[in-house]
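Next come the chains, spelled out residue by residue.
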Amino acid sequence: MPTPSPARVHDAVVVSNVPVASSLWRLVFRAPRLAASLSSGQFFSIAVPGEPKQTARVPLSFSAIDYDAGTVETVYAVQGPGTRALAAMAPGAETTVLGPGGHGWSIDAATHRCLMVAGGCGITPILSAAVSMGLEGMDYDVVVGARTGSAVWGVDRLVASGAGNVIVVTDDGTAGAKGTTVDVVESALPTEKYDLVLTCGPEPMMRGVAELCAEWSVACQVSMERMMTCGFGACATCVVPTDHGNVGACMGGPVFDATEVVW
Amino acid sequence: MPTPSPARVHDAVVVSNVPVASSLWRLVFRAPRLAASLSSGQFFSIAVPGEPKQTARVPLSFSAIDYDAGTVETVYAVQGPGTRALAAMAPGAETTVLGPGGHGWSIDAATHRCLMVAGGCGITPILSAAVSMGLEGMDYDVVVGARTGSAVWGVDRLVASGAGNVIVVTDDGTAGAKGTTVDVVESALPTEKYDLVLTCGPEPMMRGVAELCAEWSVACQVSMERMMTCGFGACATCVVPTDHGNVGACMGGPVFDATEVVW
Amino acid sequence: MSAPNMAVDLGGIQMSNPVNTAAGTYGFGWQFEGFYDVSTLGAITTKGCAAEPWPGNPAPRMCDVTSGVMNSVGLQNPGVRGLVAEAGEYLAGLSEKGCQVICQVAGHSVDEYVAAVELFEELAPWAAGLEINISCPNIAAGGCAMGSTPEGAAEVVRAVRPRTSRPLLVKMAPARVVDVARALEAEGADALSVINSIPAMAIDVHTRRSKLSRPTGGLSGPVLHNIAVRMVWEVAQAVDIPINGVGGVASGEDAAEFILAGATAVSVGSANLFDPECAPRILAELEEWVASQGVDDVNELIGAFECQ
Amino acid sequence: MSAPNMAVDLGGIQMSNPVNTAAGTYGFGWQFEGFYDVSTLGAITTKGCAAEPWPGNPAPRMCDVTSGVMNSVGLQNPGVRGLVAEAGEYLAGLSEKGCQVICQVAGHSVDEYVAAVELFEELAPWAAGLEINISCPNIAAGGCAMGSTPEGAAEVVRAVRPRTSRPLLVKMAPARVVDVARALEAEGADALSVINSIPAMAIDVHTRRSKLSRPTGGLSGPVLHNIAVRMVWEVAQAVDIPINGVGGVASGEDAAEFILAGATAVSVGSANLFDPECAPRILAELEEWVASQGVDDVNELIGAFECQ
Ligand SMILES: Cc1cc2nc3c(=O)[nH]c(=O)nc-3n(C[C@H](O)[C@H](O)[C@H](O)COP(=O)(O)OP(=O)(O)OC[C@H]3O[C@@H](n4cnc5c(N)ncnc54)[C@H](O)[C@@H]3O)c2cc1C
Ligand SMILES: Cc1cc2nc3c(=O)[nH]c(=O)nc-3n(C[C@H](O)[C@H](O)[C@H](O)COP(=O)(O)OP(=O)(O)OC[C@H]3O[C@@H](n4cnc5c(N)ncnc54)[C@H](O)[C@@H]3O)c2cc1C
Ligand SMILES: Cc1cc2nc3c(=O)[nH]c(=O)nc-3n(C[C@H](O)[C@H](O)[C@H](O)COP(=O)(O)O)c2cc1C
Ligand SMILES: Cc1cc2nc3c(=O)[nH]c(=O)nc-3n(C[C@H](O)[C@H](O)[C@H](O)COP(=O)(O)O)c2cc1C
Ligand code: FES
Ligand code: FES
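Along each chain, residues carry numbers from 1 onward, in the same order as the chain's sequence is written. Written order determines the labels here, with chains lettered from A and ligands numbered from 1. Local features in a predicted model are, by the rule used here, given only for residues with pLDDT of at least 70; side-chain atom pairs are given and counted only at 80 or more, and totals for whole chains, interfaces and linings are based on all residues. Side-chain calculation: all heavy atoms of the structure are included, whereas hydrogens and water are not.

(A) Structural view of the overall build of chain C. Under the DSSP-based scheme used, a helix requires at least four consecutive residues in state H or I and a strand at least two consecutive residues in state E, with every element numbered from the N terminus. Along chain C, the regular secondary structure elements total nine helices and 16 strands. Taken over the C-alpha trace, chain C has a radius of gyration of 18 Å; the compact-globule value for 308 residues is 19 Å, and the two agree within 12%. Here the C-alpha coordinates of chain C stretch approximately 55 × 50 × 40 Å along the principal axes. Residues classed as buried in chain C amount to 69% of the 308 residues present. Computation of the radius of gyration draws on C-alpha atoms, with the globule rule given as 2.2 Å multiplied by the number of residues to the power 0.38. Exposure categories follow from relative accessible area, calculated using a 1.4 Å probe and restricted to protein chains: below 20% of the type maximum is buried, above 50% is exposed, and the middle band is partly exposed.

Right, here's the structure in full:
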């Protein structure tokens, strides 16, 4: 039989849960066995009890792990009933988390120089990638895009992780340059020698980045977001169309080689 | 048009909520306008947010009011999803209460001597009746029945209210005499000169008390429990059969003259 | 931007806004006067009444289930004369203030429906329209026993249609809605209320008995909303008469879903019981949504669901 | 008191206990081996498979609604050969350990159902039974388009019945269940799975589009439980073949309600997705309930609902 997902149901206790930017919240919860099992770019799914409009778990990436404390950090956008209910969970609140889910970024030690591109709450798995690469002493720059300045989060942390350049762009120019992350990638790829691009954000953005990478023959990995009912390969609700058919994002992703994805 | 219910929706904040006997909890919440409007034997309905299995409000009687603090006290039995979720509400939790509902005990100042009979969580409206009568300096005894000794609550408070006799009976004899409240009423009515009986508890108990009162020609008021969807006369889900047809317990009750009820 | 036009025409009933109430969850209207000014709603629908009073079913008539309630009231009602005696004056006044009063009509047989319609014609000149309930799941005869097939539904409307010149609505059961709707349109119904509560069953597994006094009851509340939206959409594609969407409306967004699916008006039901102040809030939220859609008339949004 | 007997006979499928899983919510079973030993369940039902692979519908295929989810997966499947290649060995082993494997069969037409049944006959000797899915709400042809009328449902079973001597289950749509169940029994179905998800609609009122890639999807989860219990009860009174109750089972009490209403077995569906460890817990709770009822055999409780 194929290998079942390593995901398990773990008890979790909220340690802190506060807004960090406009509509972005930062949640830290304690779940030691989950913390020990997650690798960069993987996800977990959290149950939000008491919200009738959210029966399935909410799938989330993580931004950092504190192995000593057994805690997981995630940064999430408040979008609808599920994430609103999540934002209402106070320190001490108990729930369960399911994970680890899927496979994360695949980062080859031979990578010369990496460009990471985060849009909106796509910052979350990008930050954990930056932390991993930083620990390995690798060379990477990060583009952080947001609608507006007040929605930008994580720049300090990216810098602290060891990023070379951290470039901020906003749609309205209220922080960093005015423009989109795709604009930045477009001007960077021809001049800078990247051999890997990692990206997470709105699908049109990732598609734009992927097309530029194809044009410049740079390897590109995209972290795809799909509505997920289970998160461990049982329901087929999370499919991404690829050149070898529909692939479930929860087991075959969420990180895909951009050239496989049929946009 | 007939007079609409005086019930309004009030904000409420939980002040304390703790178990006081086996499966009986005591809740105190702050809702000053409700507190000021309730009279003995009336009810209110409390919303229990976050419990998908309890969409309607839970109707409850009150046991005491602190007018200065603007708080209402109720003692409730944990029965099913609604009251379980209520028991999970911690101090500081916010919700809404709807009330005052229905009409309560009608106590004539000319009443000579009253017997109150409480079964299980029926103690709640009986205690508020005792407090009212005590303040008026009236003469009353109380019978408190429960399955077992650990489920008895409120005796001290009844005594403090000014009750003459407080007689405890339990099904298993672990507190007070072994027997039922109906047994006590049966032996008391022929010998003691009561001219009013108030009772709240399981329906078979109230029926037994009502029959004895009819036999001895003592006025009897019963507080009827019915599943309630609205609590203000709009839905007809709370009916009690009476000799003049089905009457809604939320507007025509919950307190009924026992002789009207078709058991 | 000025406030959008919210007035709609529900099969000849001119409503100042699309918010109506669902029969049986709103009494005769006066019960809500303590909570807000009822005349701010577009319409109200009164509890189903028959020619003669009905006692309804024994208690328990209600139980809580996941995200909703089940009821087996069984159309307890004081009869048309009782309604008029209790609330006629109030309802006439409401209608004068611009809130349309829709009177629901109940019956166990075609003859009883006709008798009730005739009584309303005689005693309720203030009624803006009559809604025929052929979908109550809680009575042994009449109700959804008649309304669940196109033939049964058509028979009732064929009989009552000639007895009134007022707008005639029909409250539909959640069964075979496309076929039944077409049959009702063919018989001259002016509008369709879609849907009544869904027959359901809740068993107390300890006593092995129903949680209601009957084996089954009608499920209502948020639990049936998405089923009702689908049925409204199906009916809207099948007929040309307007639809009153009913089922699980507790917010402006819920109401907006019905309108996009093709409803002209929307009835608030069980939510009135859990949250008695909700109807004007739902209206305000709906109006806000209309404005947010960049249109100046709610009518532009009726059926504006975009199939991808 | 010794533990009660929990073994049941679902139309010839000998289950060690009444807990089954619902097709499409349990993959091919192996997905749950990380959570618990799947062989402890009475049976599992595999995702519906057709003779040839199907790609299913585009994303989004799922959205959250009140107390449930809606899906429009559209029976994505690798075909019978794909199932056997991926999981045949695992399923054969499961069956040896005493957990019955029920394979669900999908098709767009009578011929496709027949082709799939023939492939299962050839390639899946370990299958304890076949479940014909005539109730998927998410495909344009076949599925509930065929299974929602007694005639359409009968036609499929008439065609596949002669092709297999194994127990034949039919997964029913939540429509006209009494008439359809009678028709299926008459054609030789051995058991009925009642019910599939209920067609429903969820509209994003800001974009005016469906929250799924199709206008409608199938509603499942706790939201439809009480409707499913009612349908099981209606079917149980109409036919003599056993019933597999499906819909919103998330606890032993939910399962017990189905059994009291007349189900012989019970399938856990969406709850597997929200709470992957739930099925063995539900079985334990069910067993506890059986013991609490003072009987020594779960079979004594099938249909033991007491009408008052
Ligand atoms: C693998 C993975 C990792 C993710 N990581 C993060 C993260 O680190 N931070 C973060 O803010 N968000 C993340 N998301 C998205 C997050 O799961 C959704 O924003 C959340 O589920 C929205 O739920 P809601 O009820 O608040 O909003 P809804 O009202 O349900 O939806 C709001 C919008 O969010 C999208 N959405 C809703 N549910 C999902 C879902 N289950 N999966 C994907 N998209 C959804 C929909 O397209 C919708 O338009 C991730 C999603 C996936 C699949
Ligand atoms: C006017 C009135 C005053 C009440 N006062 C008190 C009180 O002071 N203390 C107290 O403990 N209880 C009181 N009750 C009963 C209380 O409302 C129910 O116990 C509660 O609603 C049970 O809900 P549940 O979800 O916990 O249990 P469920 O699982 O819903 O039911 C458990 C049992 O409680 C009964 N019950 C459930 N809901 C209701 C309801 N809405 N009305 C009546 N009976 C119900 C049912 O018969 C059922 O058998 C009162 C009820 C009414 C109508
Ligand atoms: C307590 C109660 C009584 C009802 N009585 C009636 C009725 O008399 N006539 C009718 O057509 N529908 C009746 N209904 C059904 C509602 O009008 C409505 O169709 C149904 O509840 C679905 O809407 P909701 O989910 O908003 O409640 C009743 C519903 C409830 C909860
Ligand atoms: C994601 C998903 C996929 C499903 N796929 C199938 C399927 O392939 N065949 C089928 O008969 N039913 C399918 N169903 C319906 C379930 O088997 C079940 O009948 C329905 O979900 C009701 O049960 P529940 O409320 O326990 O989920 C699916 C349901 C879900 C949620
Ligand atoms: S979320 Fe269930 S298969 Fe991916
Ligand atoms: S609870 Fe609604 S009328 Fe009494």
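More follows now that the structure is in view.
(B) Representation of the UniProt feature "binding site: FAD" (unreviewed entry) in chain A in the model. Residue and element names in this part refer to chain A. Annotation from UniProt places "binding site: FAD" (unreviewed entry) at Gly-82 and Thr-83. Residue placement: Gly-82 occurs in helix 2 (residues 81-87). Every residue in contact with Gly-82, bar those within four places of it in the chain, is listed here: Val-48, Gln-54 and Val-58. The residue Thr-83 is located in helix 2 in this model. With residues near it in sequence (within four places) discarded, Thr-83 still touches Val-58, Tyr-76, Ala-77 and Val-78. UniProt positions are given in the numbering used here, feature names are shortened, and annotations may be inferred rather than shown by experiment. Note on contacts: a residue pair is in contact if any heavy atoms of the two residues lie within 4.5 Å.

(C) Focus on the domain arrangement of chain A. Residues and elements named next belong to chain A. Here chain A is partitioned into domain 1 (8-101) and domain 2 (115-200). Boundary definitions for the domains trace back to an automatic or database domain assignment. For domain 1 and domain 2, the distance between their C-alpha centres works out to 23 Å. On the side of domain 2, 13 residues touch domain 1, which itself brings 16 residues to the contact. Carbon and sulfur atoms supply 57% of the area that domain 1 and domain 2 bury against each other, a total of about 1,100 Å² over both sides. Definition used for salt bridges: Asp or Glu carboxyl oxygen within 4 Å of a side-chain nitrogen of Lys or Arg. With a shortest N-O distance of 2.7 Å, Arg-157 and Glu-73 are connected by a salt bridge. Whenever two N or O atoms come within 3.5 Å, that pair is a polar contact, provided that in protein one can donate a hydrogen and the other can accept it, and provided that, for residues adjacent in sequence, both atoms are side-chain atoms. Between the two partners, domain 1 and domain 2, sit six residue pairs in polar contact (both at pLDDT 80 or more). Contributions of two or more residues to the side of domain 1 that touches domain 2 are made by strand 1 (8-21), strand 2 (24-30) and strand 6 (71-77). Tallying contributions element by element places strand 6 first for the side of domain 1 that touches domain 2, with four residues. Accessible area, probed at 1.4 Å, shrinks when two parts are joined; the buried area is that loss added up over both.

(D) How the structure looks around the pattern of salt bridges. Residue and element names in this part refer to chain D. If you walk through the whole model with that rule in mind, you get 32 salt bridges over all chains. Its salt-bridge partner being Glu-52, residue Arg-81 comes within 3.9 Å of it at the nearest N-O pair. In this pair, Arg-81 is assigned in helix 1 (residues 79-96) and Glu-52 in the loop between strand 4 (43-49) and strand 5 (62-65), connecting sequence segments 29 residues apart. Judged by relative accessible area, Arg-81 falls into the partly exposed class, the value being 49%. The residue Asp-190 makes a salt bridge to Arg-161 at a minimum N-O spacing of 2.8 Å.

(E) The arrangement of the UniProt feature "binding site: substrate" (unreviewed entry) in chain C in detail. Residues and elements named next belong to chain C. Those places that UniProt annotates as "binding site: substrate" (unreviewed entry) correspond, in this numbering, to Lys-47, Asn-71, Ser-72, Val-73, Gly-74, Leu-75, Asn-133, Asn-196 and Ser-197. Its place among the elements puts Gly-74 in the loop between strand 6 (68-71) and helix 1 (79-96). If near-sequence neighbours (up to four positions away) are discounted, Gly-74 is found in contact with Trp-54, Gly-56, Asn-57, Asn-138 and Ile-139.

(F) Broad picture of the relation of the copies chain C and chain D. Here the copies are matched by least squares. The fit uses the C-alpha atoms of residues with pLDDT of at least 70 in both. At an RMSD of 0.0 Å, chain C and chain D line up after a rotation of 180° and a shift of 0.0 Å along the axis. Both chain copies can therefore be described as sitting about a two-fold axis. If distances are taken from each C-alpha of chain C to the rotation axis, the shortest is found for Val-223 of chain C, at 2.8 Å. A share of 100% of the interface residues of chain C reappears at the interface of chain D, consistent with the copies meeting face to face through the same patch.

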